[in-house]
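Examination of the molecular architecture
Here is what each chain is made of, one letter per residue.
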Amino acid sequence: MPVALITGVNGQDGSYLAEFLVEKGYQVVGWVPAHQKVTFENIEAILNKITLVSGDLTDQEGLNQVVEDYRPDEVYHFASPSSPAASWNSVVDVGEAAALGVARLLEALRIYKPDARFYQASSSELFGNPVEVPQDENTPFHPRNPYGVSKLYAHWMVVNYREFHQMFTVAGILYNHESPRRGMQFVTRKITHEAARIKLGLSDELRLGNLDARRDWGYAGDYIDAIYRMLQANTPDDYVIGTGETHSVREFCELAFSHLDLDYRDYVRVDPKFYRPLEKQQLVANPVKARERLRWRPKTSFASLVKMMVQADLELIAQGEM
C-alpha cells in the first residue's frame, strides 16, 4: 500500500486529495499545524481512514521525524499561508512558512526518503503583474507581494532539488480554484455565502469591491486530478494549471444570485474599501502543456462551479451549521 503524506490535509485542496487517495487505496498521513486553530469538517468523513500528525514548518527536527517515521512514497505540500493581500501584515512569518518551510521539508526528504515524489503547491501569484497574457511555464515571474515572493523561493527550491539532487520534485502553478470548502476570506465564498443568507432572510446586502475584476476560476476537485497526474508521470516537471478563461466578479454574482431566483443588482453594493490596486494585465492560464503531457482538462464549467458553491452554502445555513 503506497503511503502519501499531505500537509495541510484539512484545507480545501488537502481534503479533496485525501479523499481521492483513500479511494485509490493509499495509506494517507495528514499533517496539520500544531500551533494554530485547526478545524476538521473538511475531512470529517474520512477521519477514521487516515492518520493525523501535527507539526510546525519552522521545526526542522519535527519534519525530519515525520518523514523518518512514515517514509512516504508521495508528499503533497499544501500547508502555507493562503492570502496574498494579508501577507503584507506578516512578511517574516509568511517567508518562514511558505518559503523556508518548503526547504526544510525538502531537506527532510533528501535525508530520510530521497526517492519520494514531492509536489509543491505553487501559485499564479508567481507571475504577479505578468508580461504576457495568457501565462505558461515559460512566462517570466514577477511576484508583487510577500506571499508571491515566498512561493517563488519555494518554487525554485523545487527546481533545484530536482536538478541538483536528482529528486522527483514537481510544482503545480495553480490558478484560482474554488469549491464549497473555500475559505470565507476569498471573494467567491463571500459571494455564495452572503447570497444564501440573503435568500434565507438573514441578510439584505453584500458589499464588494471592483465587480469588473476578472479571474481564471476553476473547480478544486478537478485540479486535484491534475496534481495527482504530475506525481504519476514518468519524469518530474512543472505545470501551469487553470481553465484558460476568465470571468468577472460581476458574472459570479449574477450566476450566484440567479440560482436563488434573485437579481444581484438589488443586493450587491460596491464599497471602495474592498478595491485592490488596479491590475494592468490579467492572470489567465495557458494549460496546453498539462493538456498534452498529462492528458488533463478541467471538467467543471464556471456556471456549474458557482451553482455548486451556492447550493452547498444554502444547505449549510438552512441546517444551522454556519
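Below is a short write-up of the structure. (Residues numbered from 1 in each chain as written. Predicted model: local features only at pLDDT ≥ 70, side-chain atom pairs only at ≥ 80, totals over all residues. Heavy atoms only, no water.)

1. Here's the deal with the overall build of the chain
Convention followed: Helix numbering and strand numbering both begin at the N terminus, where a helix is a DSSP run of H or I of at least 4 residues and a strand a DSSP run of E of at least 2. Note on method: radius of gyration uses C-alpha positions; expected globular size equals 2.2 Å times residues raised to 0.38. Relative accessible area decides the class of each residue, using a 1.4 Å probe on protein chains only: under 20% of the type maximum gives buried, over 50% gives exposed, and in between gives partly exposed. Counted as positive: Lys and Arg. Counted as negative: Asp and Glu. His and the chain ends are not counted at all. The location of each charge is read from NZ of Lys, CZ of Arg, CG of Asp or CD of Glu.
Along its length, the chain carries 9 helices and 13 strands. A compact globule built from 322 residues would reach a C-alpha radius of gyration of about 20 Å, and the chain, at 20 Å, matches this within 12%. Summarising its shape, the C-alpha atoms of the chain cover approximately 60 × 45 × 40 Å along the three principal directions. Buried residues in the chain amount to 53% of all 322 residues. Counting 34 positive and 43 negative side-chain charges, the chain places the centres of these two groups 3 Å from one another.

2. Some remarks on the packing of helix α7 (residues 249-259) against helix α9 (residues 302-318)
Note the following rule: Angles shown run from 0 to 180 degrees and are taken between the N-to-C directions of axes, each axis being a line fitted to C-alpha atoms and, for helices, limited to the stretch in contact. Each angle is binned into one of four classes, with values under 35 degrees roughly parallel, values over 145 roughly antiparallel, values of 65 to 115 roughly perpendicular, and all other values oblique. Left-handed is the label given to a crossing in which the near helix is rotated counterclockwise from the far helix by less than a right angle, and right-handed is the label when the rotation is clockwise. Note on contacts: a residue pair qualifies if any of its non-hydrogen atoms lie within 4.5 Å across the two residues. Classes in brief: Ala, Val, Leu, Ile, Met, Phe, Trp, Tyr, Cys and Pro nonpolar; Asp, Glu, Lys and Arg charged; the others, Gly included, polar.
At a minimum axis separation of 9 Å, α7 and α9 run at an interaxial angle of 55°. As far as their axial angle goes, α9 and α7 are oblique. Handedness of the crossing formed by α7 with α9: right-handed. Seen from α7, the contacting residues are Glu-251, Phe-252, Leu-255, Ala-256 and His-259; seen from α9, they are Phe-302, Ala-303, Val-306, Lys-307, Met-309, Val-310 and Gln-311. Class assignment for the residues of the contact of α7 with α9 results in 8 nonpolar, 2 polar and 2 charged.

3. A short note on the layout of surface pockets
Threshold: Using protein atoms alone on a 1 Å grid, points that fit a 1.4 Å probe yet trap it form a cavity, whereas open point sets bounded by protein on both sides within 12 Å along at least five of seven lines form a pocket; residues with an atom within 4 Å of a point count as lining. Grid points are joined across faces, edges and corners, and a volume is the space filled by probe spheres set on the points.
Reported here for the second largest pocket is a volume of approximately 190 Å³. Lining the second largest pocket we find Asp-136, Glu-137, Asn-138, Phe-141, His-155, Trp-156, Val-159, Ile-173, Asp-237, Asp-238 and Lys-289. By residue number, the principal contributor to the lining of the second largest pocket is helix α4 (residues 146-164), which donates 3 residues. Residue classes in the lining of the second largest pocket are distributed as 4 nonpolar, 2 polar and 5 charged.

4. A short note on the pattern of salt bridges
For side chains of opposite charge, pairing can occur when their charged atoms come near one another. We count it as follows: Within this document, salt bridges are pairs made up of a side-chain nitrogen of Lys or Arg and a carboxyl oxygen of Asp or Glu, the two lying within 4 Å of each other.
Under the definition given, this model contains 17 salt bridges. The partner of Arg-181 in a salt bridge is Glu-19, with the nearest N and O atoms 2.8 Å apart. Remark: Glu-19 occurs in helix α1 (residues 12-23) and Arg-181 occurs in the loop between β7 (177-178) and α5 (187-199); sequence separation between them is 162 residues. Taking the shortest distance from any N to any O, the salt bridge between Asp-115 and Lys-113 comes out at 2.8 Å. Taking the relative accessible area as the measure of exposure, Lys-113 reaches 11% and is therefore buried. Within this structure, Asp-73, Lys-113 and Asp-115 form a network of salt bridges that share partners.

5. Remarks on the packing of aromatic side chains
What counts is decided by this rule: Each Phe, Tyr or Trp ring, with Trp reduced to its six-membered ring, pairs with another whose centre is within 6.5 Å; inter-plane angles below 30 degrees give stacked pairs, above 60 give edge-to-face pairs, and intermediate values give tilted ones.
Summed over the entire model, instances satisfying the criterion amount to 13 aromatic pairs. Centroid distance Tyr-223 to Trp-296: 5.6 Å. Interplanar angle 85°. Geometry classified as edge-to-face. Here the residue Tyr-223 occupies a position in helix α6 (residues 220-232), and Trp-296 occupies one in the loop between α8 (288-293) and α9, the gap between them amounting to 73 residues. Accessibility assignment for this pair places Tyr-223 and Trp-296 in one class, buried. Taking the centre distance of 5.8 Å and the plane angle of 70° together, the rings of Phe-252 and Phe-302 count as edge-to-face.

6. Focus on the pairing of strand β1 (residues 3-7)
Here is the rule we go by: Being paired, for any two strands, means DSSP has found at least two bridges between them. Note on handedness: a crossover is taken as right-handed if, strands pointing away from the viewer, the path from the first strand over the helix to the second is clockwise.
Counting buried residues along β1, 5 of its 5 residues qualify, which places the element largely inside the surrounding structure. Pairing between β1 and strand β2 (residues 27-33): 5 bridges, direction parallel. Opposite Ala-4, over in β2, you have Val-28 as the bridge partner. You can see the chain leave β1, run along α1 and come back into β2, and the turn it takes is right-handed.

7. Examining the sheet that holds strand β5 (residues 117-123)
Taking strand neighbours across the sheet as the criterion, the 7 strands line up as β3-β2-β1-β4-β5-β6-β11 in an open arrangement whose pairing is parallel. Bordering the open sheet on either side are β3 (51-55) and β11 (239-241), each of which pairs with just one other strand. Here the strands of the sheet are splayed against their neighbours by 20° on average, with no regard to which way each runs.

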